[in-house]
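# Report on the structure
Residues per chain are reported as follows:
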Amino acid sequence: MSTETSIALEPKRESLFSKKNRKLLTDPLDDSNPITVQVLGICSALAITVQVQQAVIMSLAVLFVMIGGNVIVSMMRNIIPDRIRIIVQLVVIASLVIIVDEVLKAYSPDISEKLSVFVGLIITNCIIMGRLEAFALGNKPGPAMLDAVGNAMGYAWILLAVAFVREVLGSGAISFPGIGQVKFLPESWFMANGGFYENNNLMILPPMALITVGVIIWIQRSRNRSLIEEN
Amino acid sequence: MKALHKLIEERVKPNFTGDGKLKRFWVVFDSLETFLFTPGHTTSKGVHVRDGIDLKRTMFLVIVAMLPALLFGTWNIGHQYYLSLGDITTADAWSAMFLDKILVGAIKVVPLIVVSYATGLGIEFIIAGINGHSINEGFLVSGMLIPLIMPVDVPLWMVAVATAFAVMIAKEVFGGTGMNILNVALTARAFLFFAYPKQMSGEIWIHNVMGSKAAGTLQMADGYTGATALGQLANTVGQPVNGEVSAGVMSMFADGGMFSFMNCFIGTIPGSVAETSALAALIGAALLIWTGIGSWRIISSFIVGGLVMGVIFNALGLNAYMTIGPVHQVVMGGFMFGAVFMATDPVSAAQTNTGKWVYGFLGGLFSIMIRVFNPAYPEGVMMAILFMNVMAPTIDHYVIEGNIRRREKRMTQAAIA
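Residues numbered from 1 in each chain as written. Chains lettered and ligands numbered in written order. Predicted model: local features only at pLDDT ≥ 70, side-chain atom pairs only at ≥ 80, totals over all residues.

## Re the overall build of chain A
Here is the rule: Here a helix means four or more residues in a row that DSSP labels H or I, a strand means two or more in a row labelled E, and each is numbered from the N terminus. Each residue is classed by its C-beta neighbour count within 10 Å, where at least 20 other C-beta atoms makes it buried, 12 or fewer makes it exposed, and intermediate counts make it partly exposed; the C-beta atoms are placed from backbone geometry.
The helix and strand inventory of chain A stands at ten helices and two strands. The order of α-helices and β-strands along chain A, N terminus first, is α-α-α-α-α-α-α-α-α-β-β-α. Along the first, second and third principal axes, the C-alpha set of chain A runs to 75 × 50 × 30 Å. For chain A, with 231 residues in total, the buried portion stands at 33%.

Right, here's the structure in full:
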């Protein structure tokens with residue numbers, strides 16, 4: 001297989017930002033979004049979107065692991081024996097995830113604690129494995145990096161959108177790494193202080209993440225008709 | 001009547017049809033017109049003999065069936081209000097201050113109904129306008145059910161949010177009226193239950209009275225607590241059967257107590273707007289069954305399911321909650337209201353006759369089970385019906401499969417013979 005791919009994929013030189021390569025960046029944002037269209041990486045999207053700061057950190061971690069994984073596997077694509085390619089990919093991803101985990105533990109232990117096992121579980125994030133299998137194994141490092149950035153961004157914007165909705169409605173606050181959580185609603189609005197408002201507790205529970213992702217898919221499909229299946 | 005019809009046909013209708021000025025609002029006009037007059041269309045092909053009862057009339061009959069519960073609930077709110085103030089005692093409960101009670105109740109109930117209908121119908125109109133189809137009548141019943149199962153003092157904006165959520169997520173997403181998997185009104189309540197648990201816990205009933213009591217500006221009548229029957233009973237879970245807490249709570253459920261069997265059956269106890277009265281729900285049930293709209297199979301098997309679970313709990317008797325008699329158990333809380341108006345929702349219930357028996361029986365069983373086992377969910381009926389809504393297609397599937405297999409067997413046996 002390795003010889004085959006190297007022969008099949010020997011196109012004429014093209015610039016890194018050719019039209020085809022630019023599509024690698026933009027496609028995952030909408031038409032082939034990893035979460036809303038391919039429905040990959042859902043578990044982490046549901047689990048860590050209670051606060052925006054966790055979503056930001058998670059997105060950065062996935063971005064790092066994806067770029068690293070895609071580029072490394074792409075560079076090694078011609079020397080990886082076909083039969084053990086999954087194991088090789090796993091080793092690459094796992095080492096990168098361990099780096100991320102250790103860095104997080106060292107520099108922001110509280111967020112690391114909130115993300116708990118989900119940093120470790122990046123290893124099993126289907127988006128990363130999927131891109132390695134589907135793209136990095138058959139393409140040069142340059143396009144592989146663009147593909148990684150595109151997919152990580154597609155993952156990130158959904159995560160941030162869901163986290164934003166959930167945090168604003170569920171906690172009446174907004175947070176960002178380094179700043180912490182800022183409650184922007186006046187305390188006197190809340191019922192406990194004689195006001196009229198109450199935070200929506202359901203937004204903090206996982207089912208609402210699922211419903212929020214569903215609503216995003218709904219909006220996306222109503223705007224982008226090409227995504228609707230024919231039946 | 002003829003003059004009105006003529007006026008609408010000649011003056012109003014042209015504005016909405018063809019190139020009329022208001023043709024964008026045709027769906028609105030159409031739905032309002034069919035409310036006033038039977039539509040003039042005739043069947044052009046297929047079967048020509050039709051029942052005169054269409055969706056609008058079905059829905060309207062359900063609302064009529066709800067009226068006893070609504071009227072009693074309105075009176076009961078006022079009743080509980082004056083009871084908590086100590087203005088009346090239970091002895092002269094029925095005769096005293098009848099109009100005052102109705103007035104207090106109406107002040108609470110009418111805004112709830114208005115908000116529910118305004119939000120729900122607003123969304124229906126907008127979606128019908130976007131999709132260009134006519135407005136369905138499905139919300140008529142949901143819009144009335146939602147205020148009836150709300151706690152009395154729930155803030156109106158919460159009702160609006162919950163209604164919007166239920167109509168969008170439980171109904172429109174699945175394709176509108178007739179396509180929903182879950183009961184719309186119960187989805188609204190479940191949303192509030194999880195989103196704003198403090199307002200829905202069944203602990204605070206007449207909020208402003210309780211609030212002023214806490215602030216020390218008001219003296220409450222002796223022995224009056226704002227908690228509902230199920231809220232009280234939840235306190236006994238985890239307590240010894242004959243312990244102090246259990247004994248205190250159970251005395252309220254004995255004859256002559258606040259939650260005695262008669263009080264629970266008639267409904268003169270604190271609770272959500274219209275759920276307290278088992279009697280009113282049963283009157284509604286009689287009307288629904290008589291007109292053939294509600295399934296008697298579901299209603300009766302639901303109640304039987306509740307009774308069976310009550311008997312099992314009686315036999316176990318692990319805490320005071322379990323020792324409540326099965327009949328007393330099913331007339332408390334929203335059980336009867338749920339059995340009559342929620343479980344029978346023809347869209348989300350099981351469709352096959354055998355399936356209806358299973359669906360109702362398990363619904364009743366789970367209602368009592370959830371309410372007793374998990375004191376954090378005082379109203380098990382809501383959870384049980386929503387759960388059975390999800391299971392209904394599976395039940396139907398196995399009923400149909402079983403039927404096919406039986407007929408197949410019969411056929412092959414006949415062929416052999």
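## A closer look at the overall build of chain B
Applicable threshold: Think of it this way: build a C-beta for each residue from its backbone, and any pair within 7 Å is a contact.
Scanning chain B from terminus to terminus reveals 18 helices and zero strands. Within the span of chain B, comprising 417 residues, buried residues form 43% of the whole. Taking as baseline every contact in chain B between residues at least 6 positions apart, the subset at least 24 positions apart corresponds to 70%.

## Considerations on the nonpolar core
Grouped burial of nonpolar side chains is what soluble globular proteins tend to show. In plain terms, the rule: The nonpolar core is taken to be a set of buried Ala, Val, Leu, Ile, Met, Phe, Trp, Tyr and Cys residues joined by way of C-beta atoms within 7 Å. Residue ranges for the domains originate in an automatic or database domain assignment.
Counting residues in hydrophobic clusters, the biggest one holds 149 residues, and the most contacted among them are A:Val65 and B:Leu192. The element that contributes the greatest number of residues to this core is helix H9 (residues 141–171) of chain A, accounting for eleven residues. Mapping this core onto the domain boundaries places at least three of its residues in each of domain 1 (55–200) and domain 2 (285–417) of chain B.

## Re the pairing of strand E1 (residues 173–176) of chain A
All names here are of chain A. Keep this limit in mind: At least two bridges found by DSSP between two strands are what make those strands a pair.
Where E1 meets strand E2 (residues 180–183), four bridges bridge the pair, whose relative direction is antiparallel. Bridge assignment links serine 175 to a residue of E2, and that residue is glutamine 181. What sits between the antiparallel neighbours E1 and E2 is a turn of three residues, in which glycine 178 has the positive phi angle 95°.

## Side note on the interface of chain B and chain A
Contacts between the two partners involve eight residues from chain B and, on the opposite side, eight residues from chain A. Per-element tally for the side of chain B that touches chain A: the top contributor is helix H7 (residues 184–195) of chain B, with three residues.

## Concerning helix H11 (residues 244–253) of chain B
All names here are of chain B. What counts, and what does not: To obtain the arc, one takes the directions from the helix axis to the C-beta atoms.
For H11, the full list of buried residues reads Ser246, Val249, Met250 and Phe253. The buried side chains of H11 occupy one side of the element, clustering within an arc of 100° when seen end-on. Turned more than 90 degrees away from the buried face of H11, the exposed residues are Glu244 and Ser251. Tucked inside the fold, the buried residues of H11 contact helix H10 (229–234) and helix H15 (326–331).

## Concerning the domain arrangement of chain B
Residue and element names in this part refer to chain B. Examined at the domain level, chain B breaks down into domain 1 (55–200) and domain 2 (285–417). On a C-alpha basis, the centroid separation for the pair domain 1 and domain 2 is 24 Å. Each partner contributes residues to the interface: domain 1 has 18 residues there, and domain 2 has 16 residues. If you list the elements that add at least two residues to the side of domain 1 that touches domain 2, you get helix H3 (55–85) and H7. Top element by residues in the side of domain 1 that touches domain 2 is H3. It accounts for seven residues.

## A look at the packing of H3(B) against helix H13 (residues 278–290) of chain B
Residue and element names in this part refer to chain B. How we decide: Every axis in this analysis is a line fitted to C-alpha atoms, fitted for helices over the stretch in contact. Angles between the N-to-C directions lie between 0 and 180 degrees. Just so you know how the angles are binned, under 35 degrees is roughly parallel, over 145 roughly antiparallel, 65 to 115 roughly perpendicular, and the rest oblique. Definitions for this section: a left-handed crossing has its near helix turned counterclockwise from the far helix by less than a right angle. A right-handed crossing has that turn clockwise. Each residue is assigned to one class: nonpolar for Ala, Val, Leu, Ile, Met, Phe, Trp, Tyr, Cys and Pro, charged for Asp, Glu, Lys and Arg, and polar for all the others, Gly among them.
Two elements in contact, H3 and H13, have axes separated by 8 Å at closest approach and are oriented at 165°. Put simply, H3 runs roughly antiparallel to H13. As for the relative orientation of H3 and H13, their crossing is right-handed in sense. Along the contact surface, H3 presents Val62, Val64, Ala65, Met66, Pro68, Ala69 and Phe72, while H13 presents Ala280, Ala281, Ile283, Gly284, Leu287 and Leu288. For the contact of H3 with H13, a count of residues per class yields twelve nonpolar, one polar and no charged.

## Some points on unusual backbone geometry
The backbone of A:Val39 shows a phi angle near 50°, a positive value even though the residue is not glycine. If you trace the backbone, A:Val39 turns up in the loop between helix H2 (19–26) and helix H3 (42–47).

## Considering the environment of B:Phe302
Residue and element names in this part refer to chain B. Examined against the element boundaries, phenylalanine 302 turns out to sit in helix H14 (residues 296–316). Separated by 66 residues in the primary sequence, phenylalanine 302 and isoleucine 368 have C-alpha atoms spaced 11 Å apart. Beyond its immediate stretch of four places on either side in the chain, phenylalanine 302 contacts Ala339, Ala343, Gly360, Gly363 and Gly364.

## As for the packing of helix H4 (residues 52–75) of chain A against helix H5 (residues 85–107) of chain A
Describing two packed helices takes the angle between their axes plus the distance from one axis to the other. Residue and element names in this part refer to chain A. Where H4 contacts H5, the two axes come as close as 9 Å, and the packing angle between them is 145°. Classified by chirality, the crossing of H5 by H4 is right-handed. For the pair formed by H4 and H5, the contact residues are Ala61, Phe64, Val65, Gly68, Gly69, Ile72 and Val73 on the first element and Gln89, Val92, Ile93, Leu96, Val97 and Val100 on the second. For the contact of H4 with H5, a count of residues per class yields ten nonpolar, three polar and no charged.

## Observations regarding the confidence of the model for chain A
Residues and elements named next belong to chain A. Rule in force here: Every residue carries a pLDDT, the predictor's confidence in it, which falls somewhere between 0 and 100.
Looking at chain A as a whole, the pLDDT averages 83, with 93% of positions reaching at least 70. Within chain A, H4 carries the highest mean pLDDT (91), whereas helix H1 (residues 2–8) carries the lowest (46). In this model residues 1–8 is a low-confidence stretch, pLDDT under 50, and it forms five contacts with partners more than four residues away in sequence or in other chains.

## Observations concerning helix H17 (residues 353–373) of chain B
Cut-off, in case you're wondering: In this scheme, a helix's expected span is set at 1.5 Å multiplied by one less than its residue total.
In this model H17(B) runs 30 Å from its N-terminal to its C-terminal C-alpha over 21 residues, within 8% of the 30 Å that 1.5 Å per residue would give. With 17 of 21 residues buried, H17(B) is to be regarded as a mostly interior element.

## Digging into the confidence of the model for chain B
Residues and elements named next belong to chain B. On average, chain B scores 82 in pLDDT, and the residues at 70 or more come to 88%. Summarising per-element confidence for chain B, the mean pLDDT is lowest in helix H9 (residues 207–214) (50) and highest in H14 (93). In the predicted assembly, ipTM is 0.80 and pTM is 0.83.

## Here we look at the environment of A:Leu90
Mapping A:Leu90 onto the fold places it in helix H5. Put simply, A:Leu90 and A:Ser74 are 16 residues apart on the chain and 14 Å apart in space, counted from C-alpha to C-alpha.

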